[in-house]
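Results of the structural survey
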Amino acid sequence: MIVRRVLPTSPVGVEYSLTPLGESLREPFGRSYDWTVDNADEIQRHQMEYDRGVQS
């Protein structure tokens, strides 16, 4: 999913890029990220309740 290319520089550099398979994950990961941001307050609230031992 990721291509690693060593660059002939001094010091040696490394470049990373996504393969087509890796690129195909951009949309689903983006949706997952957006969902997490949109629901962050509720997620945090549930985590705090869990940490306190409160079951909802």
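Everything here concerns the structure above.
Everything numeric here is computed off the predicted structure, so don't read it as measured data.

**Considering the side chain of Thr 19**
Mapped onto the elements, Thr 19 comes out in the loop between strand 2 (13–18) and helix 1 (20–23). The exposure class of Thr 19 is buried, given its relative accessible area of 19%. Dropping the residues within four chain positions of it, Thr 19 is found in contact with Met 1, Ile 2 and Val 3.

**Topic: the pattern of salt bridges**
If the charged atoms of two oppositely charged side chains come close together, the side chains can form a pair. Within this structure, the stated rule accounts for 5 salt bridges. Linking Glu 15 and Arg 5 is a salt bridge whose minimum nitrogen-to-oxygen distance equals 3.3 Å. Here Arg 5 lies in strand 1 (residues 2–7) and Glu 15 lies in strand 2, a separation of 10 residues in the sequence. In this structure, Glu 49 engages Arg 45 in a salt bridge whose closest nitrogen and oxygen atoms are separated by 3.1 Å. Taken together, the residues Glu 49 and Arg 45, both in helix 3 (residues 40–52) and 4 residues apart, mark about one turn of the helix. Here the salt bridges do not stand alone but share partners, grouping Glu 42, Arg 45 and Glu 49 into one network.

Calculation criteria
Residues numbered from 1 in each chain as written. Predicted model: local features only at pLDDT ≥ 70, side-chain atom pairs only at ≥ 80, totals over all residues. Heavy atoms only, no water. Helix = DSSP H or I, 4+ residues; strand = E, 2+ residues; numbered from the N terminus. Buried < 20%, exposed > 50% of the residue type's maximum accessible area, 1.4 Å probe, protein only. Contact = heavy atoms within 4.5 Å. Salt bridge = Lys/Arg side-chain N within 4 Å of Asp/Glu carboxyl O.

It is worth stressing that arrangement in space is one thing and function is another; only the former is reported here.
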